[in-house]
Amino acid sequence: MADRILIIDFGSQVTQLIARRVRESGVYSEIHPFNSITEESIRAFDPKAIILSGGPSSATEEDAPMAPMAVYEMGLPVLGICYGQQIIVEQLGGKVHPSDHKEFGRAMVDVTEDCALFHGCWDVGDREQVWMSHGDRAESLPDGFRVVGVSENAPFAAIANDDKKFYGVQFHPEVVHTPHGAKLLENFTHGVAGCSGDWTMAAFKDQEIAKIRAQVGDGKVICGLSGGVDSSVVAVLLHEAIGDQLLCVFVDTGMMRKDEPEEVVGLFRDHYNIPLIHRDAADLFIDKLEDVSDPEQKRKIIGATFIDVFEEEASKAGGADFLAQGTLYPDVIESVSFLGGPSVTIKSHHNVGGLPERMNMDLIEPLRELFKDEVRDLGRELGLPNRFVGRQPFPGPGLAIRLPGGITREKIDILQKADAIYLEEIRTAGHYDAIWQAFALLLPVQTVGVMGDARTYDFVCALRAVTSTDGMTADFFHFDMEFLGRVTNRIINEVRGINRVVYDTTSKPPGTIEWE
Ligand code: XMP
């Protein structure tokens, strides 16, 4: 088994970034919440080292979350980051105090002594930029520790116990605002912990294929294909593992982008030879949505209809023992929530949840350990064409949530044409990869215009493009006006039914990416 790093989560906003940085250096890592960790769970995971994340708590409080003492007693190297450093100090006999001077954002660290974490990037006497976010700070160190870096408001910005291989940093090496942060982490995982850094996507692929074969045996697997990156990668991976024991079902809701159904069927059925049922259910979906304008209603109808159609096709094909899904790591990380209570439903996302129980199938989720960009790497490893692997996300309910108000075939057709022109221009201008998502909407608003010498009274098309790293927050994309003018002209000239185009400059929050 490849070397592994265990990351214990104390609820920092950026814990996921630790896992990403570690994986980027070729070492497999997983995040586990602090309250799930026991000596047995550590042994079972068998890590080469442990990283303690930051978190919102104060190590000075009575019932502050701590690491089980086993973390320090198993002979494993330990790196504490921010709150993680403070609990190392508290648990091993030092003292942490609330500080009058909080440090948030960019700060400078003076490197005072040589340390294994700094090799190849920080030298004694250097002043290095880091990113801080802390109120408390360590004030006295446990036995065996020395200070190796200081900042204006953190006299123990970096500490080390070389014998035990325990290290602590008050700053966050996992964020890009700590320019040498990735190297500092690599010095810990490779230099201190001795990881070989040989975790590659090719190795992961082989390991997953073996796992799938063992799990499936001679059973049958069914996979819902949407044309998006995740389900495409799952389908190709499964096909490589179990060949014709896999059946893909592509439910065409009639609300995909222009020409997308043909592309999906062409790639999977014709190019890969993957057994594929293509069910054209456009009429069914559009009929059900014709008079529905409430966004939540739309989502619920689409979700339920999708499951009905999928189940019908799966049963017709003789059923299956397993359902394969493209669940990703960010969806399964059981992160520590200090907010408590259920969060508000902003939008009910549509997926095939509910199906496995209804059809008595087990789940296969080969991507549950991967981040989105790792899924793309795996897709490339499997030979998927770049235009599939690099695709922007597309929501399950499709164009239905980009057509505020009731839905008709005519409106879908108008929207598909406008959207295709917009995306074509984005690709031509070289913006596609810099944008998280770009799409057109057709508003249920008609305005007066003049074309030739005639009056027009047509629909308004809105354009949206955002940058984002995870879809949780987003900023609108800053096109130049000339670009927007060109797209506007093309849409109005080439798409009958639209006589006005507007650009959405709302970020998320307060807006969401989709309009519904
Ligand atoms: P919002 O609109 O909530 O979207 O800012 C965040 C991301 O989620 C996508 N999205 C969906 N994806 N099923 C999906 O598979 C859905 O029901 C759904 N609704 C929104 C959206 O496109 C964006 O990437």
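The coordinates are above.
An account of the accompanying structure is given in this report.

The rules behind each value
Residues numbered from 1 in each chain as written. Predicted model: local features only at pLDDT ≥ 70, side-chain atom pairs only at ≥ 80, totals over all residues. Heavy atoms only, no water. Core = buried A, V, L, I, M, F, W, Y, C linked by side-chain atoms within 4.5 Å. Buried < 20%, exposed > 50% of the residue type's maximum accessible area, 1.4 Å probe, protein only. Helix = DSSP H or I, 4+ residues; strand = E, 2+ residues; numbered from the N terminus. Contact = heavy atoms within 4.5 Å. Disulfide = S-S within 2.5 Å. Pairing = 2+ DSSP bridges. Axes fitted to C-alpha atoms, helices over the stretch in contact; angles between N-to-C directions. Near = heavy atom within 4 Å. Areas by Shrake-Rupley, 256 points an atom, 1.4 Å probe, with all protein chains shown as cover. Nonpolar A, V, L, I, M, F, W, Y, C, P; charged D, E, K, R; others polar. Salt bridge = Lys/Arg side-chain N within 4 Å of Asp/Glu carboxyl O. Phe/Tyr/Trp six-rings, centres within 6.5 Å; stacked < 30°, edge-to-face > 60°. Expected span 1.5 Å × (residues − 1). Arc of directions from axis to C-beta.

1. Comments concerning the nonpolar core
The nonpolar side chains of a soluble globular protein tend to be buried, and buried together.
Item 1. One finds Ile-222, Tyr-422, Ile-426, Leu-463, Phe-479, Ile-491 and Ile-498 to be the most contacted residues of the largest nonpolar core, which totals 55 residues.
Item 2. Going through the elements one at a time, strand E11 (246-252), helix H9 (282-289), helix H10 (295-316), helix H15 (409-428), strand E15 (437-451), strand E16 (454-467), helix H16 (481-494) and strand E18 (498-503) are the ones with two or more residues in this core.
Item 3. Setting aside anything within four residues of it in sequence, one finds Ile-498 in contact with Ile-414, Ala-418, Leu-442, Asp-458, Phe-459, Cys-461, Ile-491 and Ile-492.
Item 4. Listed in part, the 42 residues of the second largest apolar core include Phe-204, Val-234, Leu-237 and Met-256.

2. Regarding the state of the cysteines
Item 1. Using the criterion set out here, one finds zero disulfides in the structure.
Item 2. Free cysteine Cys-82: the closest other cysteine sulfur is in Cys-115, separated by 17 Å.
Item 3. Overall, the relative accessible area of 5% leaves Cys-82 in the buried class.
Item 4. With no disulfide partner, Cys-223 has as its closest neighbouring cysteine sulfur the one in Cys-248, 4.5 Å distant.

3. A few points about the sheet that holds strand E7 (residues 146-151)
Item 1. Strand order in this open sheet of nine strands is E2-E1-E3-E4-E9-E8-E7-E5-E6, and the pairing throughout is mixed. The sheet is open, and its two borders are formed by strand E2 (28-33) and strand E6 (127-140), each paired with just one other strand. For this sheet, the mean angle separating the axes of adjacent strands, direction not counted, is 25 degrees.
Item 2. Relative to E6, strand E5 (residues 95-111) runs antiparallel, the two sharing twelve bridges. Residue pairing for E6: Val-109 is matched across the bridge by Glu-128.
Item 3. The sheet contacts of helix H4 (residues 83-91) involve strand E3 (49-52), strand E4 (78-81), E5, E6, strand E8 (154-161) and strand E9 (166-169), and relative to E4 the element is tilted by about 120 degrees.

4. Some details on the site of the ligand
Item 1. Around the ligand, a shell composed of 14 residues is seen, among which Lys-347, Gln-437, Lys-508, Ile-513 and Glu-514 lie nearest.
Item 2. Considered on its own, the ligand offers 500 Å² of accessible surface; in the complex 84% of this is hidden by protein.
Item 3. For the shell around the ligand, a count of residues per class yields four nonpolar, six polar and four charged.

5. Notes on the pattern of salt bridges
Item 1. As enumerated under the stated definition, the model contains 36 salt bridges in all.
Item 2. Here Arg-20 and Glu-24 are joined by a salt bridge, their closest N and O atoms 3.9 Å apart. With a gap of four residues between them, Arg-20 and Glu-24 both fall in helix H1 (residues 15-24), about one helical turn apart.
Item 3. Arg-486 is the partner of Glu-425 in a salt bridge, and the nearest nitrogen-oxygen pair spans 3.3 Å. You can see Glu-425 sitting in helix H15 and its partner Arg-486 sitting in helix H16, a full 61 residues away along the chain.
Item 4. By relative accessible area, Glu-425 is classed as buried at 10%.
Item 5. Owing to a relative accessible area of 36%, Arg-486 belongs among the partly exposed residues under this scheme.
Item 6. Salt bridges here are not isolated pairs; linked through shared partners, they connect Glu-424, Glu-425, Arg-486, Arg-490 and Glu-494.

6. Focus: the packing of aromatic side chains
Item 1. Scanning the entire structure with this criterion turns up 17 aromatic pairs.
Item 2. Taking the centre distance of 5.6 Å and the plane angle of 55 degrees together, the rings of Phe-10 and Tyr-83 count as tilted. Of this pair, Phe-10 sits in the loop between strand E1 (4-9) and H1 while Tyr-83 sits in helix H4, placing them 73 residues apart in sequence. In this pair, the class of Phe-10 matches that of Tyr-83, namely buried.
Item 3. Where Tyr-167 meets Phe-188, the ring centres are 6.4 Å apart and the plane angle is 75 degrees; that geometry is what we call edge-to-face. Highlighted residues: Tyr-167 in strand E9 and Phe-188 in helix H5 (residues 181-192), separated in sequence by 21 residues. With respect to burial, Tyr-167 and Phe-188 carry one shared label: buried.

7. Regarding H10
Item 1. Over its 22 residues, H10 runs 32 Å from end to end, which matches the ideal 32 Å to within 8%, given 1.5 Å per residue.
Item 2. Those residues of H10 not exposed but buried are Lys-298, Arg-299, Ile-301, Ile-302, Gly-303, Thr-305, Phe-306, Ile-307, Val-309, Phe-310, Glu-313 and Ala-314.
Item 3. Among the structural elements, strand E10 (221-224), E11, strand E12 (276-280), H9, strand E13 (322-324) and helix H12 (355-358) are those in contact with the buried residues of H10.
Item 4. Two residues or fewer after H10 comes Gly-318, characterised by a positive phi angle close to 95 degrees.

8. A look at the sheet that holds E12
Item 1. Across the sheet, which stays open at both edges, the five strands sit in the order E12-E11-E10-E13-E14 with parallel pairing between neighbours. Two strands bound the open sheet, and with one partner strand each, they are E12 and strand E14 (362-364). If you compare each strand with its neighbour and ignore which way they point, the axes differ by 25 degrees on average.
Item 2. In terms of strand pairing, E10 meets E13 through three bridges, oriented parallel. Along E13, the bridge assignment pairs Val-221 with Phe-322.

9. As for helix H8 (residues 260-271)
Item 1. Under the 1.5 Å per step criterion, the end-to-end length of H8 is 15 Å for twelve residues, consistent within 8% with the ideal 16 Å.
Item 2. Those residues of H8 that fall on the buried side of the exposure criterion are Glu-260, Pro-261, Val-264, Val-265, Leu-267 and Phe-268. With its buried residues spanning 165 degrees around the axis, H8 presents them on a single face. In this structure, H8 carries Glu-262, Asp-270 and His-271 as exposed residues pointing more than 90 degrees from its buried face.
Item 3. Summarising the contacts, the buried residues of H8 are in contact with helix H7 (229-242), E11, E12 and helix H14 (386-389).
Item 4. The first or second residue beyond H8 is Asn-273, which carries a positive phi of 65 degrees.

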